Amino acid sequence: MKALITGVTGQDGYYLSKLLLEKGYEVHGLIRRSSTFNTSRIDSLISQYGEKNKFKLHYSDLLDPASIYALIEKIHPDEIYNLGAQSHVAVSFKNPLFSVQTSVTGSLAILDSIKNIDRNIKYYQASSSEMYGGASKTLLNENTVFEPKSPYAVGKVFAHEITKVYRESYDIFAVNGILFNHESPLRGETFVTRKITRAVGRIHNGIQKKLSLGNLDAFRDWGFAGDYVKGMHLMLQYKDPEDWVLATGETHTVKEFAEKAFSIVGLNFEDYIEIDEKFQRPNEVHHLLGDSSKAKSALGWKLETSFEELVRMMVNSDIELANKEKILIKEGLLEPTWSNPLIK
Ligand code: NAP
Ligand code: G4F
């Protein structure tokens, strides 16, 4: 089996590539040219599978449909997982057109290439619980109406709907995975969970003093990314192309996440957190809680990692990272990144 993954350099790109490589797939990843190396998450997979020609990377961009078409024609994969996106909700308010275009042009470029090259190629679209808008405290499932609250979510709603249109119009095996927040030690450092666990690691090591956050009262349904990519794969093996929710069915506030993370190293979060207006969003998604009973019963998808285990895994990994940073900072080989105003 051959898979093409967009967004291969991201958090999910790593976990999905690893899963498929371990299953014996030949994995092709789409990467963007960057002035600095952007493959740090997948370097270990490149070392392990690159030389055997099982893991190959290709320069392209979701904003370049001609290049996407050429890539799909050349690779001729069995499955395409479209994970690429400007995935930071707050940044999408600053950078709305790019954020929307990446989802819109990317999904349409791939689906239309499948239609013209080979309609047997299966397609996975990375849809998001952000599409629901989170205005009320209800349990959200595949039938809940979308009320997007950010440019990011609007772009994702388009990609979700066009996936259904291509499925119904051209008989393409195209599915939407509506995934609720999923995290890991490889989560981008400006998402709230990782921002918190990075701070815990550094504060514990004496190389950071405070942590600035925005809205502590938002509720999120947080799971482990490693569990969620298994669901993506299962969706493409199911007998019919459908839409699926993956969630834990448990929701916690940002404050609860911080409280738990700091308590793992014996600290009280209230002594370290400052509220900074700049991390408030123009429009907030207040409450997300998903119902994945359909995926559990039909796909046999299982949650293997609890909230407690997830927070502990991230904190432990970030303590180790901060240990290494502390040594490099002492030797003058590293600038403390927490002073970066974009993250602080
Ligand atoms: P992530 O870590 O931010 O990774 C995003 C990936 O998209 C990166 O590889 C990035 O490349 C790539 N990308 C961005 N713009 C691109 C473009 N124009 N052309 C090609 N590639 C581009 O995101 P993630 O957490 O792994 O999430 C994977 C997908 O699931 C995303 O579509 C996200 O919106 C969606 N999703 C995520 C969650 C979650 O909680 N993690 C929940 C629901 C849905 P660079 O490395 O070059 O920046
Ligand atoms: O970690 P976040 O930035 O994730 P958010 O906005 O829920 O989006 C993530 O999950 C979506 C699935 O629902 C994905 F589609 C999307 O791509 C991304 O992966 O923020 C979580 C909550 C928000 O309510 C935010 O306002 O945390 C709040 N928050 C409070 N202080 C903060 C901060 N978020 C960030 N990033 N940084 C803060 O300082």
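Now for a description of the structure that goes with this document. This one's a predicted model, so the numbers in the text were calculated from it and none came from an experiment.

For the rest of this paragraph, the subject is the site of ligand 2. Close to ligand 2 lie 24 residues; Ser-128, Ser-129, Tyr-152, Arg-281 and Glu-284 are nearest. Ser-87 has a polar backbone atom sitting 2.7 Å from an oxygen atom of ligand 2. Between ligand 2 and Arg-187 there is a distance of 2.9 Å, counted from an oxygen atom to a side-chain nitrogen or oxygen. Protein burial of ligand 2: of its 710 Å² of free accessible surface, 96% is covered by the chains. For the shell around ligand 2, the elements supplying multiple residues, two or more each, are α7 (192–204) and β8 (211–213). The class makeup of the residues in the shell around ligand 2 is nine nonpolar, nine polar and six charged.

Turning next to the pairing of strand β6 (residues 174–179). With six of six residues buried, β6 lies mostly within the body of the structure. Here β6 shows a buried face lined by Ala-174, Asn-176 and Ile-178 and a second buried face lined by Val-175, Gly-177 and Leu-179. The sheet contact formed by strand β5 (residues 122–128) and β6 spans six bridges and is parallel. Each bridged residue has a counterpart across the sheet, and for Tyr-123 the counterpart in β6 is Ala-174. Between the parallel elements β5 and β6, the chain passes through helix α6 (residues 151–170) in a crossover that is right-handed. Sheet topology note: the β6/strand β11 (residues 243–246) ladder contains four bridges and is parallel. Paired with Asn-176 across the two strands is Asp-243, which belongs to β11.

The next subject is the sheet that holds β6. For sheets, the rule is that strands pair by backbone hydrogen bonds, running either parallel or antiparallel. Taken together, seven strands build an open sheet; the order of strands is β3-β2-β1-β4-β5-β6-β11 and the sheet is parallel. The open sheet has two edge strands, β3 (55–59) and β11, and neither has a second partner. Shown here is a sheet whose adjacent strand axes are inclined to one another by a mean of 20°, direction ignored. Where strand β2 (residues 26–31) and β3 come together, five bridges link them in parallel fashion. Each residue of the ladder has a partner; that of Ile-31, found in β3, is Tyr-59.

So, about the pattern of salt bridges. Here the structure, examined in full by the defined rule, presents 20 salt bridges. Of the charged contacts, one joins Asp-217 and Lys-255 as a salt bridge, the two residues approaching to 4.0 Å between their closest N and O atoms. Residue Asp-217 is found in the loop between β8 and β9 (219–220), and its partner Lys-255 is found in helix α9 (residues 254–264); the two are separated by 38 residues along the sequence. Connected through shared salt-bridge partners, Glu-189, Arg-198, Arg-202 and Glu-325 make up one network.

This next bit is on the environment of Ile-172. The topology assignment puts Ile-172 in the loop between α6 and β6. On a C-alpha basis, the gap between Ile-172 and Arg-32 in space is 27 Å, while along the polypeptide they are 140 residues apart. Beyond its immediate sequence surroundings of up to four residues, Ile-172 is in contact with Leu-111, Ile-114, Lys-115, Arg-119, Ile-121, Tyr-166, Arg-167 and Pro-241.

Below, the discussion takes up the site of ligand 1. In the region of ligand 1, 26 residues are neighbours, and Thr-9, Arg-32, Ser-87, Tyr-152 and Lys-156 sit closest. Between ligand 1 and Asp-12, the relevant distance is 2.8 Å, taken from an oxygen atom to a main-chain nitrogen or oxygen of the residue. In the model, an oxygen atom of ligand 1 is placed 3.2 Å from a nitrogen or oxygen of the Asn-38 side chain. Considered on its own, ligand 1 offers 900 Å² of accessible surface; in the complex 89% of this is hidden by protein. Within the residue set of the shell around ligand 1, elements represented by two or more residues are α1 (11–22), β5 and α6.

Our next topic: the nonpolar core. Ranked by internal contacts, the top residues of the largest apolar core, which has 60 residues, are Leu-16, Tyr-81, Tyr-124, Ile-196 and Phe-262. With near-sequence residues (within four places) excluded, Phe-262 lies in contact with Ile-196, Val-200, Ile-203, Leu-211, Leu-267, Asn-268, Phe-269, Tyr-272 and Ile-273.

Moving on to the packing of α7 against α9. Orientation of α7 relative to α9, taken along the N-to-C sense of each, is 25°, at an axis distance of 10 Å. Classed by the angle they form, the pair α7 and α9 counts as roughly parallel. Taken as a pair, α7 and α9 cross one another with a handedness that is right-handed. Judged by residue contacts, Val-192, Thr-193, Ile-196, Thr-197, Val-200 and Ile-203 of α7 engage Val-254, Phe-257, Ala-258, Ala-261 and Phe-262 from α9. Residues that form the contact of α7 with α9 fall into these classes: nine nonpolar, two polar and no charged.

Another aspect to go through is helix α3 (residues 65–75). One turn of an α-helix holds 3.6 residues; hence residues three or four places apart share an orientation. Residues of α3 that are buried include every one of Ile-68, Leu-71, Ile-72 and Ile-75, and no others. Down the axis of α3, the smallest arc covering the buried residues is 95°, so these residues share one side. Exposed residues lying more than 90 degrees from the buried face of α3 are Ala-66 and Lys-74. Where the residues of α3 are buried, they touch β1 (2–6), β2, β3, β4 (79–82) and α5 (96–117).

Turning next to a negative patch on the surface. Together, Glu-256, Glu-259, Glu-270 and Asp-271 make up a negatively charged patch on the protein surface. Tracing the backbone shows Asp-271 in the loop between α9 and β13 (273–275). Asp-271 gets classed as partly exposed once you look at its relative accessible area, which sits at 46%.

About the criteria used
- Residues numbered from 1 in each chain as written.
- Chains lettered and ligands numbered in written order.
- Predicted model: local features only at pLDDT ≥ 70, side-chain atom pairs only at ≥ 80, totals over all residues.
- Heavy atoms only, no water.
- Near = heavy atom within 4 Å.
- Polar contact = N/O pair within 3.5 Å; in protein donor to acceptor, adjacent residues only side chain to side chain.
- Areas by Shrake-Rupley, 256 points an atom, 1.4 Å probe, with all protein chains shown as cover.
- Helix = DSSP H or I, 4+ residues; strand = E, 2+ residues; numbered from the N terminus.
- Nonpolar A, V, L, I, M, F, W, Y, C, P; charged D, E, K, R; others polar.
- Buried < 20%, exposed > 50% of the residue type's maximum accessible area, 1.4 Å probe, protein only.
- Pairing = 2+ DSSP bridges.
- Right-handed = clockwise from strand over helix to strand, strands pointing away.
- Axes fitted to C-alpha atoms, helices over the stretch in contact; angles between N-to-C directions.
- Salt bridge = Lys/Arg side-chain N within 4 Å of Asp/Glu carboxyl O.
- Contact = heavy atoms within 4.5 Å.
- Core = buried A, V, L, I, M, F, W, Y, C linked by side-chain atoms within 4.5 Å.
- Parallel < 35°, antiparallel > 145°, perpendicular 65-115°, else oblique.
- Left-handed = near helix turned anticlockwise from the far one by under 90°.
- Arc of directions from axis to C-beta.
- Patch = residues over 30% accessible without salt bridge, like charges linked within 9 Å, V, L, I, M, F, W, Y side chains within 5 Å.
- Lys, Arg positive; Asp, Glu negative; His and termini not counted.
- Charge placed at Lys NZ, Arg CZ, Asp CG, Glu CD.

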